[in-house]
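Observations on chain architecture
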Amino acid sequence: MSLKGKDLVSIRDLTKEEIFYILERAEDMLPYAKGEKRTTALKGKILATLFFEPSTRTKLSFETAMHRLGGDVIGFSEPTMTSIRKGETLADTIRVVDSYSDIIVIRHSLEGSARLAADFAESPVINAGDGAGRHPTQCLLDLFTILKEKGRIEGLKVALVGDLKYGRTVHSLAYALALLGADLIFVSPETLRMPKEIIRDCQDLGAEPKSLTNLERAVRDVDVIYVTRIQKERFPDPTEYNRVVGSYRIDSELLQHARDDVIVMHPLPRVNEIDPEIDGTRHAVYFKQAFYGIPVRMAILSSLLGVSVE
Ligand code: NCD
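Structural notes, computed from the coordinates. Owing to the predicted nature of the structure, the values given are computational and were not obtained by experimental measurement.

**Some words on the overall build of the protein chain**
- Scanning the protein chain from terminus to terminus reveals twelve helices and nine strands.
- Taken over the C-alpha trace, the protein chain has a radius of gyration of 19 Å; the compact-globule value for 310 residues is 19 Å, and the two agree within 12%.
- By its C-alpha atoms, the protein chain is 55 × 45 × 40 Å across when sized along the principal axes.
- In the protein chain, which comprises 310 residues, the proportion classed as buried is 56%.
- Contacts in the protein chain between residues far apart in sequence, at least 24 positions, make up 73% of those at least 6 positions apart.
- Summed over its atoms, the accessible surface of the protein chain is roughly 13,600 Å², and 47% of this surface lies on carbon and sulfur atoms.
- When the 41 basic and 45 acidic side-chain charges of the protein chain are each reduced to a single mean position, those positions are 2 Å apart.

**Quick look at the nonpolar core**
- In terms of nonpolar packing, the biggest core is built from 67 residues, with L140, L143, L160, L177 and L301 touching the most fellow members.
- For this core, the leading source of residues is helix 1 (residues 16-33), giving nine residues.
- Beyond its immediate sequence surroundings of up to four residues, L143 is in contact with I19, L23, I153, L173, A176, L177 and L180.
- A159, A258, V262 and I274 belong to the second largest nonpolar core, which has 23 residues in total.

**Re the packing of helix 1 against helix 5 (residues 136-150)**
- Where helix 1 meets helix 5, the closest approach of the two axes is 10 Å, and the angle between their N-to-C directions is 70°. Taken together, the axes of helix 1 and helix 5 are roughly perpendicular relative to one another. For the pair helix 1 and helix 5, the crossing hand works out as right-handed. Contact residues: helix 1 offers I19, F20, I22, L23, A26, E27 and L30, while helix 5 offers L140, L143, F144, L147 and K148.

**Quick notes on a nonpolar patch on the surface**
- Judged by side-chain polarity, I74, V96 and Y100 come together as a nonpolar surface patch covering roughly 280 Å² of accessible area.
- Note on placement: Y100 falls in helix 3 (residues 90-100).
- What makes Y100 exposed here is its relative accessible area of 54%.

**A short note on the site of the ligand**
- Neighbouring residues of the ligand: T58, R107, H135, Q138, R168, T169, R229, Q231, P267, L268 and P269.
- At 3.2 Å, a side-chain N or O of Q138 approaches a nitrogen atom of the ligand.
- When the ligand sits alone it has 320 Å² of accessible area, and the protein chains cover 93% of it.
- In this structure, the ligand is accommodated by the largest pocket.
- The class makeup of the residues in the shell around the ligand is three nonpolar, five polar and three charged.

**Some remarks on the pattern of salt bridges**
- Enumeration over the complete set of coordinates arrives at 21 salt bridges.
- The salt bridge involving K6 is made with E18; its shortest N-O contact spans 3.5 Å. Here the residue K6 occupies a position in the segment before helix 1, and E18 occupies one in helix 1, the gap between them amounting to twelve residues.
- According to the relative accessible area criterion, K6 is partly exposed, its value standing at 27%.
- The residue D260 makes a salt bridge to R282 at a minimum N-O spacing of 3.9 Å. Within this pair, whereas D260 is found in the loop between helix 10 (252-255) and strand 9 (263-265), its partner R282 is found in the loop between strand 9 and helix 11 (286-291), the two being separated by 22 residues in sequence. Here D260 matches R282 in class, with each residue exposed.

Quick notes on the rules
Residues numbered from 1 in each chain as written. Predicted model: local features only at pLDDT ≥ 70, side-chain atom pairs only at ≥ 80, totals over all residues. Heavy atoms only, no water. Helix = DSSP H or I, 4+ residues; strand = E, 2+ residues; numbered from the N terminus. Rg over C-alpha atoms; globule rule 2.2 N^0.38 Å. Buried < 20%, exposed > 50% of the residue type's maximum accessible area, 1.4 Å probe, protein only. Contact = heavy atoms within 4.5 Å. Areas by Shrake-Rupley, 256 points an atom, 1.4 Å probe, with all protein chains shown as cover. Lys, Arg positive; Asp, Glu negative; His and termini not counted. Charge placed at Lys NZ, Arg CZ, Asp CG, Glu CD. Core = buried A, V, L, I, M, F, W, Y, C linked by side-chain atoms within 4.5 Å. Axes fitted to C-alpha atoms, helices over the stretch in contact; angles between N-to-C directions. Parallel < 35°, antiparallel > 145°, perpendicular 65-115°, else oblique. Left-handed = near helix turned anticlockwise from the far one by under 90°. Patch = residues over 30% accessible without salt bridge, like charges linked within 9 Å, V, L, I, M, F, W, Y side chains within 5 Å. Salt bridge = Lys/Arg side-chain N within 4 Å of Asp/Glu carboxyl O. Near = heavy atom within 4 Å. Polar contact = N/O pair within 3.5 Å; in protein donor to acceptor, adjacent residues only side chain to side chain. 1 Å grid on protein atoms, 1.4 Å probe; cavity = no way out; pocket = protein on both sides within 12 Å on 5 of 7 lines; lining within 4 Å. Sits in = over half its atoms within 2 Å of the grid points. Nonpolar A, V, L, I, M, F, W, Y, C, P; charged D, E, K, R; others polar.

These figures capture arrangement, not role.
Take a look at the structure:
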């Protein structure tokens, strides 16, 4: 299978087979990601990281992934220090960065920005989050984490909890889990429900997602609880945010209602959604999940660049 030259703007850009191909390559990357083995497979290749919005894990893990593969990185995370401040359009920025690099990662507050970048760039463009839109690389590392922890995805019961309206990670993950045959439960305040078009997409894939507001009821029989932050920066009205903040919190009291082997995931950053008392328990996999960003992004970079890693 070859993904050479492809863009990764949405998880819908990948077939089931392509998703599993990347997850298998990610497994191969693990010893390199941990620094146990070394490679220079991407020597001479340049990754450009364009972060118009804040990021810790996504940016640093893409950079680490590129370095672990022997490649180089250019980029910015403070767009006010670039010519965008002078009024340059995104299209012009992309055209130029395209000529400086071999592959581009972009995070931007506007939905559709990564698709626009992909239209203007010859090189592969990877969407690292476009507003409340999509976050396909997070989705792949989420799937990788579930596979590592549970050994399968098909038939698992997964609860997606929190801000399902503005959370881009759950938009991508809901689609992928439906595609791969998981059972979905969407748990959110009424005002932060999963967008209708994503529910419809899941249904078109044969899934029958349930929507609930009561977390305690929802977690009873699930294999995975995937918690998200309320996306404060996306709320047009701060009083709306204040009304829903703190709606859900995962603590040991709640987990008494869940299965013994339930895993708790979170794309991070967490604000108050998970009590730190969970961190040391067998349920907590969110820090491992963040580490898996390295092998998964190594797999993505090498696959889109068409380079095999020996
Ligand atoms: C997420 C994002 O940026 O969408 N973070 C991440 O990439 N790990 C989740 C969030 O910001 O809440």
